Amino acid sequence: MEGTTLHLPLLMMVPIIGMLILMLVPADKVRLIRQIAVAASVVALAYAIYLAIGMNNPGVLNAEQFAYSFSHPLFAVGNSSILFSVGVDGLGMVMVLLTCLLFVVALIVSLNIENRVREYYAVFLMLEVGCIGVFSATDIFLFYIFWELILIPMFIIIAVWGGRNRQYASLKFILFTLGGSLFMLLGFIGYYVAGGSGDLTHIRQIASGSQDLLFWLVFIGLAVKIPLFPFHTWLPDAHTEAPTAGSIVLAGILLKLGTYGFLRVLFPLFPSAANYYAPYIAVLGVVSILYGAFLAMSQKDIKRMIASSSISHMGFVVLALSTLTAGGFAAGTLQMVNHGIITGGLFLLIGIIYDRTHLRGINDFGGLYRVMPFYYGIFLLFALASIGMPGLNGFVSEFLCLFSGFQTYFAPMPLLMTAAVFGVFIGVIYMLGLVAKVFSGPAPEKWRMLSDLDVRESVSILPLCFLVVFLGIAPGVILKSIGLAMDLIAKRVASM
Amino acid sequence: MQYMAFLPELIVVGAAFVVLMFEAVAPRRASGSSFILAAFALLGAFLALWFTPAYSWGSVLRADAFSSLVKSFLVGGSLLILLYAWPYLRERVSGISEFCFLFLTSVFGLMLVTSATNFITFVVALETASLGMYTLAASMRRDRSSVEAGVKFFLNSAFATAIMLWGLSIIYGLTGSLDFSAVYSSFDHFAASSSMTPEIKPFHLLGILALIVGIGFKITLFPFHLWAPDVYQGSPTPFTAFLATISKAAGFAILIRVVVWPILPLVGDMQILFVALATLTMLAASTAALLQSDAKRLLAYSSISHAGFMLIAIATMRDVRHLSGPAAAEQAQAVASLLFYLVAYMSATIGAFVVLYTIESKRKDSSLKAFNGLWRTDPALTFSMTVFIASLAGLPPTIGFIGKFLIFYQAYSADMMFLLVAAVVATVISLFFYFKIIRCMILNTPDDEVSFRDSPTRAFAVILCGAILLAIFFSEPLRNACMEAGKAVLLR
């Protein structure tokens, strides 16, 4: 095939090779194991950056605007084959970059893990392969295979290195997501039977009458992952019990798989159903915004609060995507990236305080700004970004999400959009309330000796700080690189 | 020519008798040599299957691509089971050569079942196999539950055979023959002119129903599955694997042949029965599996529920006599996907039983608790078991995923939405009980510090696990072979 390159399979091989080397190292050489794992993730990030820069070269994109495409048939079904087919467009590349970045952060922040270190890093690297795979798959079944490949490592991460209630949380996580993805598989098979191919680079139109059922089947699988109300109940448990790095990956990447699936499979495969049902999805998105915000407001546990706020922030993504316009898609994608960075950072910060005190209750703390000023500054930065302070990245994307939502839905459903804006206010209330309770006032005696950030923590948080500010000032970097992909998807959805 | 076509069977049955002689001639040395001979006989039969020509021996037996493929599953699977049974045989069984003799005769009988083209041959071959299997189930003579398993198996199986023979007598009365081809043409004639004598149609259906009930016992369809959990639990673990895979594969092979040949003209009337049996089997078995605390029983129910999944492929079959090329090809696809699913199911089930046996032999316990904290003591074994379970549950990237995918695809193509929904519900339920095992291995803390590293069966499990993982990249030849077999059995 013309323009076939092995770049993406090689990128996936990097963590796999890291994993294989880890297997050969004796389990007690903890230092070496950590170095190998972090090195593997850094190499993957560097490779991804190299590929991202290469995207601008002429001739990299093929006719369908996918770069670095590679395709090999796996097995034949019916008259066509299921392909090992990968490729990235602007959207996929941005998500792959985000994945590689957050994995570096997650692996660096995990350097203090002492329990079963080798297995810990091996499982994380396997998870990274799965995430890169989903974001670069261009065959629906390969997408599904990678999608499922992610679940077992995540299950193990929560189940083995998680908090007190890890048994319950990990089982709930895996059963919800596995159950949901079965519906997705059914939808995919139905599409394959009707369309005769699962190739996402040459999407075949299927009769609009048969789209409705398949649309909802795939939708359920994706909605569980986002998670949209009413499929969200696994999320607070899973986030709260996961170890810090697990929460970072879960919030930063795994939730995005669902909304990425909206753009990559759900809307392009079933355009007429998407046009018909988009308002319903918008309503679900707004319900998630409000429900998640209220849920967050009522939490006593900091980690649970941030987890619940994710439901709210992902609701903005869903609202933007449901407009089915190129602008809405771009806004949603930007919000995915920004939320990944902000929430990843917040979970990291909570992990830091939890490591020191083994407490996470909002009321357990107070006056920390005197004790840990540097920590306070960074936490405030992320909290402000999360509530959409102008100049930081959260503002741009939430504004764009609401803006595109207003353009499409304000005329038919003014109340809905008003409610969505109300979600932002609740966000301000609980986030600033959190900062006030934890950092202001007199510091209790027992917290006087807490130390500020050390080198490991600073190194892992600073790249995220930089991005929070940088993407607030220059969101165009991302908007420009995803623009073409967004236009194509929007055009496909509009053409029916 | 006819001897070449049935060479694999001759090798197996010949070895069985030589093994029997060993015991008489040199009882002291019999054990080791009979085991080696049995293993080589199975290996030889497996290799000979590649060279068997297609041949019909009158209307008695028939060797074609279909029977060769199924026989290679049977012989290959039996070889795996025999090899991993070695530690068990050495420790627990007094007469190894007896075991090998019975094992080989069972395999021989089941091989003939897949070649049968006459109901008499079928019943005789099935009973040959069953006699060996009853004894094998009870082969731990000092263990009460093993003896109980043997007796239960015998009584239930004899009952099922009786019902089947009753159905065959009705078919014989209606058609005057027990040849598949003669029954087929008689039924065909009846189906074409049934408007003239509608009053005898119920008898036709009754005869077929009784036949299917009889086969349904062997392949553990609901509600004829009740013997299975007890027998599976009581039997020695290597033999349980044999029952769950080899015997079931042969049962499905004969069911396919019966459905696409003698009863084909009336299969349209039977479709509703297959749909009902498949739905009930999947749902009832997965629900019952949720309540199990013994790993062997849990795998028994899992195996019953898989029979329901495989029946989906049969339920999608239609009367192909008047269908043209592509539609007939779709039927071949149904057979092919069932066969593929069978391989996926067999490999993962044998693997799961190997792991179970490894644990059981050290901890003397087959309950789920025996799996507690396996991850801490033996990550490799845990990983293998997780892969087997993922394959059974149909999760990618295992071969079980392809199998389940093909079955779902088949149901979709035949527009059987009801079956599809039932299958998905059953799969979701099955995730709960499969994860019970994973949960025990990963989440629970171990009760003791037993190491499995010196277990001879452990390497076996790891190799099988690698094969299942790699299968997704190399499944194409197997798919093609399944497709050839499907065409062979349909087009005769």
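Residues numbered from 1 in each chain as written. Chains lettered and ligands numbered in written order. Predicted model: local features only at pLDDT ≥ 70, side-chain atom pairs only at ≥ 80, totals over all residues.

## Details of the overall build of chain B
- Within chain B, the secondary structure is distributed over 21 helices and 2 strands.
- Principal-axis analysis of the C-alpha atoms gives chain B an extent of 75 × 55 × 40 Å.
- Contacts in chain B between residues at least 24 apart in sequence constitute 81% of all its contacts with a sequence separation of at least 6. (Helix = DSSP H or I, 4+ residues; strand = E, 2+ residues; numbered from the N terminus. Contact = placed C-beta atoms within 7 Å.)

## Topic: the overall build of chain A
- Per the secondary structure count, chain A includes 18 helices and 2 strands.
- Relative to the compact-globule value of 23 Å for 496 residues, chain A shows a C-alpha radius of gyration of 22 Å, a close match.
- Referenced to the eigenvectors of the C-alpha coordinate spread, the extents of chain A come out at roughly 70 × 60 × 45 Å.
- Buried residues in chain A amount to 60% of all 496 residues.
- In chain A, of all internal contacts separated by at least 6 residues, the share reaching a separation of at least 24 is 79%. (Rg over C-alpha atoms; globule rule 2.2 N^0.38 Å. Buried ≥ 20, exposed ≤ 12 C-beta atoms within 10 Å, placed from the backbone.)

## Some words on helix H14 (residues 373-387) of chain A
Residue and element names in this part refer to chain A.
- Over its 15 residues, H14 runs 21 Å from end to end, which matches the ideal 21 Å to within 8%, given 1.5 Å per residue.
- Along H14, the residues classified as buried are Tyr375, Ile378, Phe379, Leu381, Phe382, Ala383, Leu384, Ala385, Ser386 and Ile387.
- Against the buried residues of H14 lie helix H12 (326-357), helix H15 (393-409), helix H16 (414-439) and helix H17 (455-473).
- Residue Gly388 follows H14 closely and has a positive phi angle near 90°. (Expected span 1.5 Å × (residues − 1).)

## Some words on the packing of helix H6 (residues 166-195) of chain A against helix H18 (residues 399-413) of chain B
- Running from amino to carboxyl end, H6 of chain A crosses H18 of chain B at an angle of 55°, the nearest separation of the two axes being 10 Å. Here H6 of chain A lies oblique to H18 of chain B, going by the angle between them. Along this stretch, H6 of chain A crosses H18 of chain B, giving a crossing that reads as right-handed. Touching Leu186, Ile189, Gly190 and Val193 of chain A of H6 of chain A are Phe405, Phe408, Tyr409, Tyr412 and Ser413 of chain B, all from H18 of chain B. (Axes fitted to C-alpha atoms, helices over the stretch in contact; angles between N-to-C directions. Parallel < 35°, antiparallel > 145°, perpendicular 65-115°, else oblique. Left-handed = near helix turned anticlockwise from the far one by under 90°.)

## Observations concerning the interface of chain A and chain B
- Opposite the 24 residues of chain A that make contact, chain B presents 26 residues.
- The dominant element in the side of chain A that touches chain B, judged by the number of residues it contributes, is H6 of chain A, at 11 residues.

## Quick look at helix H2 (residues 30-54) of chain A
Residue and element names in this part refer to chain A.
- Given a rise of 1.5 Å per residue, 25 residues ought to cover 36 Å, and the 36 Å separating the end C-alpha atoms of H2 matches this to within 8%.
- Taken as a whole, H2 has its buried residues at Ile33, Arg34, Ile36, Ala37, Ala40, Ser41, Ala44, Leu45, Ala48 and Leu51.
- Tucked into the core, H2 has its buried residues touching helix H1 (7-24), strand E1 (67-77), helix H3 (90-109) and helix H4 (117-136).

## Section: unusual backbone geometry
- Cis peptide bonds are those with omega within 30 degrees of zero, and the linkage from Ile226 of chain A to Pro227 of chain A qualifies with -15°.
- Backbone torsion omega between Phe222 of chain B and Pro223 of chain B reads 0°, so that peptide bond is classified as cis.
- Tracing the backbone shows Pro223 of chain B in the loop between helix H10 (201-218) and helix H11 (227-234).
- Phi is positive for Thr220 of chain B, close to 55°, though the residue is something other than glycine.
- Within the secondary structure layout, Thr220 of chain B lies in the loop between H10 and H11.
- When the 29 C-beta atoms within 10 Å are taken as the criterion, Thr220 of chain B is described as buried.

## Brief notes about the environment of Asn79 of chain A
- Mapped onto the elements, Asn79 of chain A comes out in the loop between E1 and strand E2 (80-88).
- With 290 residues separating them in the primary sequence, Asn79 of chain A and Tyr369 of chain A have C-alpha atoms 65 Å apart.

## What about the environment of Leu151 of chain A?
All names here are of chain A.
- Among the secondary structure elements, Leu151 is positioned in helix H5 (residues 140-161).
- In sequence terms Leu151 and Phe173 are 22 residues apart; their C-alpha atoms lie 8.7 Å from each other.
- Apart from residues no more than four positions distant in its own chain, Leu151 is found in contact with Ile174, Thr177 and Leu178.

## A word on the pairing of E2 of chain A
All names here are of chain A.
- The buried fraction of E2 is high, at 8 of 9 residues.
- Here E1 pairs with E2 via 8 bridges, running antiparallel. What sits directly across from Pro73, in E2, is Leu83.
- Between the end of E1 and the start of E2, which pair antiparallel, lie 2 residues, with Gly78 showing a positive phi angle near 60°. (Pairing = 2+ DSSP bridges.)

## A look at the nonpolar core
Residues and elements named next belong to chain B.
- Core analysis: the largest hydrophobic core is formed by 396 residues, its most contacted members being Val12 and Leu104.
- With 22 residues, the top contributor of residues to this core is helix H15 (residues 325-363).
- Other than its neighbours up to four places away in sequence, Val12 contacts Ala41, Leu42, Ala45, Leu104, Val107, Phe108 and Met111. (Core = buried A, V, L, I, M, F, W, Y, C linked by C-beta atoms within 7 Å.)

## Thoughts on the confidence of the model for chain A
- Overall, the predicted model of chain A reaches an average pLDDT of 86, with 98% of residues at or above 70.
- Of all secondary-structure elements in chain A, the lowest mean pLDDT belongs to E1 of chain A, at 79, while helix H10 (residues 271-297) of chain A reaches the highest, 91. (pLDDT = per-residue confidence, 0-100.)

## Structural notes on the environment of Val193 of chain A
- As for its placement among the helices and strands, Val193 of chain A is situated in helix H6.
- On the basis of neighbour count, Val193 of chain A is assigned to the buried category, with 21 C-beta atoms found within 10 Å.
- When the C-alpha positions of Val193 of chain A and Ile206 of chain A are compared, they lie 9.8 Å apart, and in sequence the two are 13 residues distant.
- Discounting chain neighbours no more than four positions away, the residues touching Val193 of chain A are Tyr409, Tyr412 and Ser413 of chain B.

## Some points on the packing of helix H9 (residues 244-269) of chain A against H12 of chain A
Residue and element names in this part refer to chain A.
- Two elements in contact, H9 and H12, have axes whose closest approach is 7 Å; the angle formed by their N-to-C orientations is 170°. Classified by the angle their axes make, H9 and H12 are roughly antiparallel. Across the interface between the two elements, Thr244, Ser247, Ile248, Ala251, Gly252, Ile253, Lys256, Thr259 and Leu263 of H9 pack against Phe329, Gly332, Met336, Gly340, Thr343, Gly344, Phe347, Leu348 and Gly351 of H12.

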